Amino acid sequence: MLIVCPICSTPAGSYNIELKNMKFYIFKCSNCGLEYTNPIPSYKELEYFYSNYSSDLEKAEKYLAYLPAESSSQAMYFHIHLHNQKNEFGKAKALLHRYIKKNPKAIEGYLDLGLIAENQRDYTLAVESYKNAARLEPNNFEIWLRIISMLLLAEKPEQAKETLLSLSMTPK
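Predicted model, so just to flag it, every value in this text is computed and none were measured.

(A) Summary view of the pattern of salt bridges. Counted according to the given criterion, the structure contains 1 salt bridge. Linking Arg 146 and Glu 118 is a salt bridge whose minimum nitrogen-to-oxygen distance equals 2.9 Å. Here Arg 146, found in helix 7 (residues 141-153), pairs with Glu 118, found in helix 5 (residues 107-119); they are 28 residues apart in sequence, far enough to count as distant. Taking the relative accessible area as the measure of exposure, Glu 118 reaches 18% and is therefore buried.

Below is the structure:
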């Protein structure tokens, strides 16, 4: 099977990086310089790659741009959680903003950004994030409770009251 660059269709030469125990290679196009994986790695392979082959998260993140959209989003989401576990909230938030930009209809990005903002006591960002999540799932009562709680913590009781009164509490 002929492997070609996904941008310029130049046939791949030899692989740029071979990784032991991995079922994919990282190629660099001799024409346009794009680095890409072939075949596309699974989420488990990406998880193994990031946990075993990269001690430097910043260096590993450069490969996010070279992965196809679906794998890139999975890898990015995995990185967000690594940064969050290491209490690197600024890096996690920056990656979450990138994730949301790539996946604007994925509710988990908004919820995680809200949780990180909440943990950092950035209630304005938490409210904004949860409101974006509520736009995707307007009938999710837990999200609305989060919004109201964040408004109360931000000392905005009138907005919390308005939000509560705007909800339809009638069971369906």
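(B) How the structure looks around the pairing of strand 2 (residues 25-28). Taken together, the 4 bridges between strand 2 and strand 3 (residues 35-38) define a ladder with antiparallel strand orientation. Note on strand 3: the bridge partner recorded for Ile 26 is Thr 37. Turn length for the strand 2-strand 3 hairpin, with the two strands adjacent in sequence and antiparallel, is 6 residues, and the turn residue Gly 33 shows positive phi of about 90°.

(C) Representation of the environment of Val 127 within the structure. The residue Val 127 is located in helix 6 (residues 123-136) in this model. In this structure Val 127 comes out as buried when scored by relative accessible area, which is 8%. Along the backbone, Val 127 and Ile 148 are 21 residues apart, and their C-alpha atoms lie at a distance of 8.2 Å. Sequence-distant contacts of Val 127, that is, excluding residues within four places in its chain, are made with Ile 147, Met 150 and Leu 151.

(D) Broad picture of helix 5. With 13 residues, helix 5 should reach 18 Å at 1.5 Å per residue; the first-to-last C-alpha distance of 19 Å fits that figure. Listing the buried residues of helix 5 in full gives Ile 107, Gly 109, Tyr 110, Asp 112, Leu 113, Gly 114, Ile 116, Ala 117 and Glu 118. Backbone geometry just after helix 5 places Arg 121 at a positive phi near 60°.

Calculation notes
Residues numbered from 1 in each chain as written. Predicted model: local features only at pLDDT ≥ 70, side-chain atom pairs only at ≥ 80, totals over all residues. Heavy atoms only, no water. Salt bridge = Lys/Arg side-chain N within 4 Å of Asp/Glu carboxyl O. Helix = DSSP H or I, 4+ residues; strand = E, 2+ residues; numbered from the N terminus. Buried < 20%, exposed > 50% of the residue type's maximum accessible area, 1.4 Å probe, protein only. Pairing = 2+ DSSP bridges. Contact = heavy atoms within 4.5 Å. Expected span 1.5 Å × (residues − 1).

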